[in-house]
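Architecture at a glance
Chain by chain, the residues:
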Amino acid sequence: MNQHRVFMPQDRREFLRTSAWGAATAAAGMGMSRVGSAVTPELTTPAPLPTRPAGIEVLMPRDRVPLSFIIDDSTCLVNMGHFCTPQFATALPNRAEYQKPWRSWPREIPDRFVRQFGQWCAGQGVKGKYSIVPNPACVGWLDRELPGWSRSDLQSSLKLVRDLMLPNWDIHPEMITHTRVIDLKTGRPMQQISAATMENSYPQEKKSVDELAAYLAYALRILKNCDLPCEGITTPGGFGNSMKGELPIAVDQAVRDVYGTDLPHYFKYVISGDQSTEPKLEYLRGVGSDDVRLTVNVPAGTGDWFGGWQGDSLSEPDRYCNATATRGRMVELIERRQPAVMICHWPGMYSNGSEEGFNSFKRVVQSLASRFADDTIWMKISEIARYWAAKQLTEIRREGNRLTLTAPFAAQRYTLQIDGGSGPVSLDRGNDRTPLREATSRSTLDAGTWIANDQNLVACFDLPKGTSELVLGATS
């Protein structure tokens, strides 16, 4: 990714407005966010990136296109479509989408469905991000009580997320309630009820980075109390639109403070058209030192064309990819060899009990696999963020048949293409030398293997943090 490229993401709400059902689902509320123009000097002055020798290129992991699935508005048990709609109707009474018959929608998305979804995705290798709203629609606190459900119900639901979802899904808070803004001094919603006191449009006036970080940290600490790990956050709707430049700094502060992660990331934006869907390295500092720090902005590349945030829309799976995987936005991104990240809302998967959205999603996954199984790799959002940080920031020096790699971040399946290289290949770190195996074909390339032709050599290996050497050709 060119660090100097102008990043012009389409906001999540505007993307939905362009869909067939956008007018009905894309107003403020649970819709997508509008991009503002606030910036800070830390983001507008790109840090210099390490130089690379000619003839060496860092490819995507396993030389495959990353796929991921971002799920918004998910939490334990609470159907956010049912509980959020009347709250948005009070704050924004003139919006038609909030006048829908929410009372007829189920109040719960049961753990039975979470288990069914998680098990199917695990069987297909699907990975992504799964939000857990800490105080969903002000119903209750996941680290305390969830009125309407027993404590054992809540604990069982959290355990299911830890046991089933965590291996393949990043957990993000989607701020504290996804509806009402919480007064951090009292732990109660703001007394006023208006668009100004809804998280989807918070804050409407400038605040300090510390104030914004404190709000994010409040949400993160609740999930930490639930024994759920987090390396990043998802913004609800237009949260942070007035502080877009400060947001990555606040994410960095909050995630590092609460969880101590070395590489925070966040999801806010949707990319459309011909713009690149590669992650963006933000708030980057310390390049060339032993303490490189940054926040990674990982965008999605599609709209939500499944069941919508209220779970009452019919899916349009062909907009992601048709049955033969010859058309659709995901096909377009794969063929452009750019990260292909789908987005949906959890109520739209459940579809108020019909599971129509989930069934459409299964068809999309199977169609993509039928054509692109050897060209794609499912990854969590954090894995994409970490790979791109390593891809952009690892210093590479070449002396003869030795490549010295100085990596501020470890990355799995790190893949290098070296013009004119020849095997065998080994990875050295200190006194530890690990030989790589020759792969039988490009499709079998994986960590610990290499493959070569008359033009170049491609090596795939788990890159360690710090300094290591890739040795090409026979050595005495």
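Everything below is about the structure printed above this text.
Read on for a plain summary of the structure. On a predicted model such as this, the values are computed, not experimentally measured, just so you know.

Considerations on the overall build of the chain
Per the secondary structure count, the chain includes 12 helices and 21 strands. When burial is assessed residue by residue, the chain has 61% of its 476 residues classed as buried. Pairs at least 24 residues apart make up 77% of the contacts formed inside the chain by residues separated by at least 6 positions.

Quick look at the packing of helix α9 (residues 329-336) against helix α11 (residues 356-372)
Relative placement of two packed helices is described by the angle separating their axes and the distance separating the axes. Axis separation between α9 and α11 bottoms out at 11 Å; the angle between their running directions is 30°. The orientation of α9 relative to α11 falls into the category roughly parallel. Our pair here, α9 against α11, has a crossing hand that is right-handed. Side by side, α9 and α11 meet where Met330, Val331, Ile334 and Glu335 of the first sit next to Leu368, Arg371 and Phe372 of the second.

Focus: the side chain of Arg329
Here Arg329 lies in helix α9. Under the relative-accessibility criterion, Arg329 is labelled buried at 8%. Each residue touching Arg329, except ones within four places of it in the same chain, is listed here: Ile271, Ser272, Gly273, Thr277, Gly301, Thr302, Trp305, Arg319, Tyr320 and Arg336.

Observations concerning the state of the cysteines
In total, this model carries 0 disulfides according to the counting rule given. Free cysteine Cys121: the closest other cysteine sulfur is in Cys344, separated by 9.4 Å.

Thoughts on the pairing of strand β20 (residues 456-463)
Every other side chain in a regular strand lies on the same face of the sheet, so the side chains alternate between the two faces. Within β20, 7 of the 8 residues are buried, which leaves it mostly tucked inside the rest of the structure. Across 4 bridges, strand β19 (residues 449-452) lies against β20 in antiparallel orientation. Each residue of the ladder has a partner; that of Thr449, found in β20, is Cys460. The turn joining β19 and β20, which pair antiparallel and follow one another in sequence, is formed by 3 residues.

Some details on the pattern of salt bridges
In total, this model carries 29 salt bridges according to the counting rule given. Ionic pairing is found between Arg256 and Asp252, a salt bridge with its closest N-O pair at 2.8 Å. Residue Arg256 and its partner Asp252 are both found in helix α8 (residues 247-259); the two are separated by 4 residues, about one turn of the helix. For Arg256, a relative accessible area of 18% corresponds to the buried category. Taking relative accessible area as the criterion, Asp252 reaches 3% and is therefore assigned buried. Residue Asp274 is joined to Arg336 by a salt bridge in which the shortest nitrogen-to-oxygen separation is 4.0 Å. Of the two residues, Asp274 is situated in the loop between β8 (265-267) and β9 (280-285) and Arg336 in helix α9; the sequence distance between them amounts to 62 residues. By relative accessible area, which is 70% here, Asp274 ends up exposed. Relative accessible area serves as the criterion here: at 27%, Arg336 is assigned to the partly exposed category. Residues participating in the shared-partner salt-bridge network are Asp274, Arg329, Glu332 and Arg336.

Focus: the sheet that holds β20
Sheets are built from strands that pair by backbone hydrogen bonding, the pairs being arranged parallel or antiparallel. A sheet is described by the order of its strands in space; here 5 strands give the open sequence β1-β15-β20-β19-β18, paired in mixed fashion. At either end of the open sheet lies a strand with only one pairing partner, and these are β1 (56-59) and β18 (437-438). Most of the contacts of helix α12 (residues 381-393) go to strand β15 (residues 411-419), to which it runs at about 35°, and overall it touches β1, β15 and β20.

Considerations on α11
In this model, α11 (17 residues) spans 24 Å end to end at C-alpha, consistent with the 24 Å of a helix rising 1.5 Å per residue. Along α11, the residues that are buried comprise Gly357, Phe358, Ser360, Phe361, Lys362, Val364, Val365, Ser367, Leu368 and Phe372. The secondary structure elements touched by the buried residues of α11 are β2 (65-72), α5 (111-124), α9, β11 (340-345), α10 (346-350) and β12 (376-378).

Reading the values: the criteria
Residues numbered from 1 in each chain as written. Predicted model: local features only at pLDDT ≥ 70, side-chain atom pairs only at ≥ 80, totals over all residues. Heavy atoms only, no water. Helix = DSSP H or I, 4+ residues; strand = E, 2+ residues; numbered from the N terminus. Buried < 20%, exposed > 50% of the residue type's maximum accessible area, 1.4 Å probe, protein only. Contact = heavy atoms within 4.5 Å. Axes fitted to C-alpha atoms, helices over the stretch in contact; angles between N-to-C directions. Parallel < 35°, antiparallel > 145°, perpendicular 65-115°, else oblique. Left-handed = near helix turned anticlockwise from the far one by under 90°. Disulfide = S-S within 2.5 Å. Pairing = 2+ DSSP bridges. Salt bridge = Lys/Arg side-chain N within 4 Å of Asp/Glu carboxyl O. Expected span 1.5 Å × (residues − 1).

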